[in-house]
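For reference, the chains in residue letters:
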Amino acid sequence: MGFDKITRKEDYSAWYNEIVKNADLAEHSAVKGCMVIKPYGYAIWEGMQQKLDFMFKETGHSNAYFPLLIPKSFLSKEAAHVDGFAKECAVVTHYRLKNDPNGKGVIVDPDAKLEEELIIRPTSETVIWSTYKNWIQSYRDLPILLNQWANVMRWEMRTRLFLRTSEFLWQEGHTAHATKEEALAETVQMLEVYADFAENFLGVPVIKGVKTPNERFAGAEETFCIEGLMQDGKALQMGTSHFLGQNFAKAFDVKFQSKEGKMEYVWASSWGVSTRLVGALIMAHSDDDGLVLPPNIAPIQVVMVPIYKTEEERNAILDYFKSLKKELSSLNIRVKIDDRDTHKPGFKFAEWEYKGVPLRIAVGPRDMQNQTVELARRDTKTKETFNQDGLANYIHGLLPKIQESLYLKAKTFRDERIIEVNTWDEFVHALDHTPGFISAHWDGSPETEQAIKDKTKATIRCIPLENKLEEGKCILTGNKSSQRVLFARAY
RNA sequence: CGGGAUGUGGCUCAGCCCGGUAGAGCACUCGCAUGGGGUGCGAGGGGUCGCUAGUUCGAAUCUAGUCAUCCCGACCA
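Residues numbered from 1 in each chain as written. Chains lettered and ligands numbered in written order. Predicted model: local features only at pLDDT ≥ 70, side-chain atom pairs only at ≥ 80, totals over all residues. Heavy atoms only, no water.

What follows covers the sheet that holds strand β8 (residues 113–120). With antiparallel pairing, 3 strands are arranged side by side in an open sheet as β4-β8-β5. Across the chains shown, the open sheet's two edge strands, defined by having one partner strand only, are β4 (69–71) and β5 (91–94). Pairwise comparison of adjacent strand axes, ignoring direction, gives a mean angle of 40° for this sheet. In the sheet, β4 pairs with β8 via 3 bridges, with the strands oriented antiparallel. Across the sheet, the residue bridging to proline 71 is leucine 118, located in β8. (Pairing = 2+ DSSP bridges. Helix = DSSP H or I, 4+ residues; strand = E, 2+ residues; numbered from the N terminus. Axes fitted to C-alpha atoms, helices over the stretch in contact; angles between N-to-C directions.)

Have a look at this one:
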């Protein structure tokens, strides 16, 4: 390696880009707006998938798969949905190429034009509800609780690795219910799953809330979200859960016969999180020395680096590492022995540190003599010498402490950046001087929300659930308000 | 689509103003030493200078066009 590090203070967004690139998480692809997720970055996503998939199954969901291509006509069936997505859809118009008669290369065969053009899914509500129509006749067919792991495409103007790419990976849950109450309960349940996942697995504190109509998902009655705060004070939407009402059931004519024999439209929810969470993870914990990964999500939790001169020393240390690895693996700890002979220890230290591995064990001849190891923590950058005896158990206990400590650090930062303001001047001042969530009164009108956005680039991230009611005056218009909402500049 | 900038080995860039046939650092390969925080020394491999046309004896360098990328604005998980 040997690259210059950019600090967060110097240039936050350059710092982020460097981490993504230098920690081998992802890179730009030949196609603008798309990314190649490299093995180490993909391992992080796999860790997220594994945990979430487990949580979805626990709450009664099954996985299924619906196609990438959607007939164009499907999109237009739900009016708000088209409005939201039409501008960013990639469209398939032909199904064949042929050799260019005028020279080299291939051209689109004009004779192979599709009768109905297909769009590449920006989300799957429409295909799924066109399918659910065939699956649902009776209340006995409900509920349907499905999830799919998929890629989607939204043609973005400006992209950033993980945070916003044209193609991204995600999961989308789509459920169908007999009653409004049940669909709403499902929507809230999945929001809770996401919040639990973000806080306890990724170590990122989130605020659960409801979106304003302006920020609502196209086609939803209500959009719930979890919002995280990054170290630069910008908010990041980390997951959404939508109560879709009967909108898609009506658009695709999905009815069921109730116990009472009446025909009723089906109630729906949908919910998703994406590879954007990898970006959130990076921005929430990492420091000027590179990536910092909470143990729960770290692909490698403990890395072992041998220090040696002779072949004998090397073999002896690696033998010890192998036995320690066995012990740690039996405690479900993910371990890597860095036995590369092509790199020096100092290089390896720097590399694994940059890649955010929570714990590093270094052992040299002196340690072997003393039956000790050098144990280094990535999060605090502290080192201690520890006896080989009892080491595995110590690490087993230490990893959760690191997880907790990272969460608390992020939470302390986040809590300090929730700032209550009562006037427009305070609002503007806070945005520029202590960026974060700004808790302020808003008169509830979309026009005011838009005006604030136009003036400051700050948007209403959410109306927190369990928000206390409080009389006040809108910071912009002075009109009456019944509660505070959270504003922030956002990714 | 408007405003600004840039295209030169894998990467970061110098050279361009003042045309003379391409250079540095990092990375890579080999050798020797080194090995408890990004190792040192030596030797080597690798480039149609974004593309096209023009000016010229001669173009990375000048001119025109074209393509692409990046940054700033309007849209967004």
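Accessible area lost upon the coming together of the parts serves often as the stated size of an interface. Split by domain assignment, chain A resolves into domain 1 (12–68 + 123–285), domain 2 (302–413) and domain 3 (418–488). Summarising the inter-unit geometry, the C-alpha centres of domain 1 and domain 2 are found 36 Å apart. Opposite the 18 residues of domain 1 that make contact, domain 2 presents 9 residues. Regarding the contact of domain 1 and domain 2, the summed buried area is about 1000 Å², with carbon and sulfur atoms giving 62% of it. (Domains from an automatic or database assignment. Contact = heavy atoms within 4.5 Å. Buried area = accessible area lost by both parts, 1.4 Å probe.)

Let's shift gears to the protein's contact with RNA strand B. Around RNA strand B, 35 residues are found, and the nearest of them are Arg158, Arg164, Thr165, Gln237 and Asp367. Glutamate 156 is positioned with one of its side-chain polar atoms (N or O) 3.3 Å from a sugar or linking oxygen of RNA strand B. Note that a base nitrogen of RNA strand B is positioned 2.9 Å from one of the side-chain N or O atoms of lysine 383. At the level of elements, α10 (345–354), β19 (359–363) and α11 (365–370) are the ones that each hand at least two residues to the surface near RNA strand B. Its residues assigned to classes, the surface near RNA strand B comprises 12 nonpolar, 5 polar and 18 charged. (Near = heavy atom within 4 Å. Polar contact = N/O pair within 3.5 Å; in protein donor to acceptor, adjacent residues only side chain to side chain. Nonpolar A, V, L, I, M, F, W, Y, C, P; charged D, E, K, R; others polar.)

On to the pairing of strand β21 (residues 383–387), then. Across 5 bridges, the pairing between strand β20 (residues 372–377) and β21 is antiparallel. Within β21, the residue paired with leucine 375 across the bridge is glutamate 384. As consecutive antiparallel partners, β20 and β21 are separated by 5 residues, and within that stretch lysine 381 has a phi angle of approximately 60°, a positive value.

Ranked by internal contacts, the top residues of the largest apolar core, which has 59 residues, are Leu25, Met48, Phe162, Leu202, Met238 and Ile282. Sort the elements by how many residues they give to this core and helix α6 (residues 180–201) lands first, with 8 residues. Both domains that meet at this core, namely domain 1 (12–68 + 123–285) and domain 2 (302–413), each give it at least three residues. (Core = buried A, V, L, I, M, F, W, Y, C linked by side-chain atoms within 4.5 Å. Buried < 20%, exposed > 50% of the residue type's maximum accessible area, 1.4 Å probe, protein only.)

A few words on the packing of helix α1 (residues 12–22) against helix α8 (residues 276–285). Two elements in contact, α1 and α8, have axes whose closest approach is 11 Å; the angle formed by their N-to-C orientations is 115°. Considering only the axes of α1 and α8, their crossing is right-handed. Contact residues: α1 offers Tyr12, Trp15, Tyr16, Ile19 and Val20, while α8 offers Gly279, Ile282 and Met283. Of the residues contributing to the contact of α1 with α8, the split by class is 7 nonpolar, 1 polar and no charged. (Left-handed = near helix turned anticlockwise from the far one by under 90°.)

Looking now at the packing of aromatic side chains. Scanning the model with the defined rule gives 18 aromatic pairs in all. Between phenylalanine 427 and phenylalanine 487, the aromatic rings sit 5.1 Å apart at their centres with planes inclined by 80°, giving edge-to-face as the arrangement. One end of the pair, phenylalanine 427, is in helix α13 (residues 424–433); the other, phenylalanine 487, is in strand β26 (residues 480–488), with 60 residues separating them in the sequence. Both residues of the pair, phenylalanine 427 and phenylalanine 487, count as buried. Through pairs of rings, three or more aromatic residues link up here, namely Trp45, Phe56, Trp149, Tyr194 and Trp271. The ring of tyrosine 40 carries lysine 355 above its face, with NZ or CZ at 5.0 Å from the centroid. Positioned above the aromatic ring of phenylalanine 349, the side-chain terminus of arginine 360 is 4.1 Å from the ring centre. (Phe/Tyr/Trp six-rings, centres within 6.5 Å; stacked < 30°, edge-to-face > 60°. Lys NZ or Arg CZ within 6 Å of the ring centre and 35° of its normal.)

Our focus in this paragraph is the sheet that holds β19. Overall, mixed pairing links the 5 strands, which are arranged β18-β17-β19-β20-β21 in an open sheet. Taken across any chain shown, the strands that pair with only one partner, and hence form the sheet edges, are β18 (335–337) and β21. Across this sheet, the average inter-strand angle for adjacent strands is 25°, counted without regard to direction. Bridging between strand β17 (residues 302–306) and β19 involves 5 bridges; their strand directions are parallel. Paired with valine 303 across the bridge in β19 is arginine 360. On the sheet, helix α9 (residues 311–330) packs against β17, β18, β19 and β20 and is oriented at approximately 170° with respect to β17. Across the face of the sheet, α10 comes into contact with β17, β18 and β19 while running at roughly 170° to β17.

A cluster of acidic residues, Glu311, Glu312, Asp339 and Asp341, forms a negative patch at the surface. With respect to the secondary-structure elements, glutamate 312 resides in helix α9. Take glutamate 312: its relative accessible area is 60%, and that puts it in the exposed class. (Patch = residues over 30% accessible without salt bridge, like charges linked within 9 Å, V, L, I, M, F, W, Y side chains within 5 Å. Areas by Shrake-Rupley, 256 points an atom, 1.4 Å probe, with all protein chains shown as cover. Salt bridge = Lys/Arg side-chain N within 4 Å of Asp/Glu carboxyl O. Lys, Arg positive; Asp, Glu negative; His and termini not counted. Charge placed at Lys NZ, Arg CZ, Asp CG, Glu CD.)

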